[in-house]
Amino acid sequence: MSPPTPQRARRRFATSAMAGVAVYILVDVVLQLLPPHYSVFSDAESNLAVGPFGWIMNLNFLGRAVTTLCAIAAINRVAPVSRLRDTGVVLMFLGGLCSAVLAFFPADVDTGSTGTATVIGTVHLCVAALGFLAALAGIIVLTRWIRLGPELAKAFPGALAFAAIAAFGLASLGMTTLMWPSLLGLAERICLAGILGWVMVVCADIRRLNPRG
């Protein structure tokens, strides 16, 4: 059996990334319904990894890292090659790596939404912040790259919209941390929705590219 062509490999990576986004969201929703019933509005998503079903969320964090790698593999097979694309995928990779690290450093739940009582909790908070910043920077850079190239022109409006949602969510996350901690979980989920939505829109357009190149 002959190996897949680069174009077909690109399509498979894009499809895998889209499936990864769907599974990640589904697991998040299911865990939200299970005890200890964390609040969507006030509790950070990472709290889902603490509790009797926390191991499932840790696997989900690892799955998000794999999803990011699949998206990067698909993007790297789309022209044009440029410094913008290279910078964007490196930032995305850093964001995905941070997601994987979160699986091994659980959050401190009992100290409140923003407090930390242990070294592990502090590491978790720092890695989570770095991951969001890197992922947001990556999709902003790549959205600019999409704008300058013809291949993914149809994805640009959606990519721009989701990048804006992610930026709004991250800005809101900073404000809620200081002023409205009861809405921290909602702000974090808005940022995450923007990042995951961006991956879904861009990979969907990559799948529509001519498989024959």
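All of these numbers come straight from a predicted model, not from anything done at the bench.

Moving on, we come to the overall build of the protein. Scanning the protein from terminus to terminus reveals six helices and zero strands. For the protein, the sequential pattern of α-helices and β-strands runs α-α-α-α-α-α. The C-alpha radius of gyration computed for the protein amounts to 17 Å, which stays within 12% of the reference 17 Å derived for 213 residues, consistent with globular compactness. C-alpha extents for the protein along the principal axes are approximately 55 × 40 × 30 Å. Going through the 213 residues of the protein one by one, you find that 44% of them count as buried.

This part takes up the nonpolar core. Counting 52 residues, the largest nonpolar core has Ile-75, Met-92, Leu-152, Trp-198, Val-199 and Ile-206 as the members making the most contacts within it. Breaking this core down by element, the ones donating at least two residues are α1 (6-32), α2 (54-75), α3 (83-102), α4 (119-148), α5 (156-178) and α6 (184-208). When residues of this core are assigned to their parent elements, the largest contribution, 12 residues, is made by α6. Excluding anything up to four places from it in sequence, Leu-152 contacts Val-78, Trp-145, Ile-146, Val-202, Asp-205, Ile-206 and Leu-209.

Right, let's talk about a nonpolar patch on the surface for a bit. Side chains of Val-40, Phe-41, Met-175, Leu-178, Met-179, Trp-180, Leu-183 and Leu-186 sit close together on the surface and give an oily, nonpolar patch of about 770 Å² of accessible area. You can see Leu-183 is positioned in the loop between α5 and α6.

With that settled, consider the packing of aromatic side chains. One pass over the structure, following the stated rule, counts zero aromatic pairs. Across the ring face of Phe-156, the terminal group of Arg-147 is positioned such that the distance to the ring centre comes to 5.6 Å.

With that settled, consider the side chain of Glu-45. Locating Glu-45 in the fold gives a position in the loop between α1 and α2. Excluding its chain neighbours within four sequence positions, the residues that come into contact with Glu-45 are Tyr-24, Asp-28, Met-57, Phe-61, Arg-64, Glu-188, Arg-189 and Leu-192.

Within the fold, Thr-67 resides in helix α2. For Thr-67, a relative accessible area of 9% corresponds to the buried category. Every residue in contact with Thr-67, bar those within four places of it in the chain, is listed here: Ala-17, Gly-20 and Val-21.

We now examine the confidence of the model for the protein. In regions of low pLDDT, the predicted coordinates are not meant to be interpreted in detail. Confidence in the prediction for the protein averages 92 pLDDT; 93% of positions are at 70 or higher. Mean pLDDT per element in the protein: α5 is the minimum at 95, and α3 is the maximum at 98. Segment residues 111-115 is flagged for pLDDT under 50; beyond a separation of four residues in sequence, or across chains, it makes nine contacts in the model.

A complete count under the given rule lists two salt bridges for this structure. One salt bridge connects Arg-64 with Glu-45, and the closest N-O pair in it is separated by 3.7 Å. With a gap of 19 residues between them, Arg-64 in helix α2 and Glu-45 in the loop between α1 and α2 connect regions that are remote in the sequence. On the accessibility criterion, Arg-64 (14% relative accessible area) is buried. Across the salt bridge formed by Arg-208 and Asp-205, the nearest N and O atoms sit 3.0 Å from each other. Of this pair, Arg-208 and Asp-205 are both found in helix α6, three residues apart, which corresponds to roughly one turn of the helix. Take Asp-205: its relative accessible area is 3%, and that puts it in the buried class.

What counts, and where the lines are drawn
- Residues numbered from 1 in each chain as written.
- Predicted model: local features only at pLDDT ≥ 70, side-chain atom pairs only at ≥ 80, totals over all residues.
- Heavy atoms only, no water.
- Helix = DSSP H or I, 4+ residues; strand = E, 2+ residues; numbered from the N terminus.
- Rg over C-alpha atoms; globule rule 2.2 N^0.38 Å.
- Buried < 20%, exposed > 50% of the residue type's maximum accessible area, 1.4 Å probe, protein only.
- Core = buried A, V, L, I, M, F, W, Y, C linked by side-chain atoms within 4.5 Å.
- Contact = heavy atoms within 4.5 Å.
- Patch = residues over 30% accessible without salt bridge, like charges linked within 9 Å, V, L, I, M, F, W, Y side chains within 5 Å.
- Areas by Shrake-Rupley, 256 points an atom, 1.4 Å probe, with all protein chains shown as cover.
- Salt bridge = Lys/Arg side-chain N within 4 Å of Asp/Glu carboxyl O.
- Phe/Tyr/Trp six-rings, centres within 6.5 Å; stacked < 30°, edge-to-face > 60°.
- Lys NZ or Arg CZ within 6 Å of the ring centre and 35° of its normal.
- pLDDT = per-residue confidence, 0-100.

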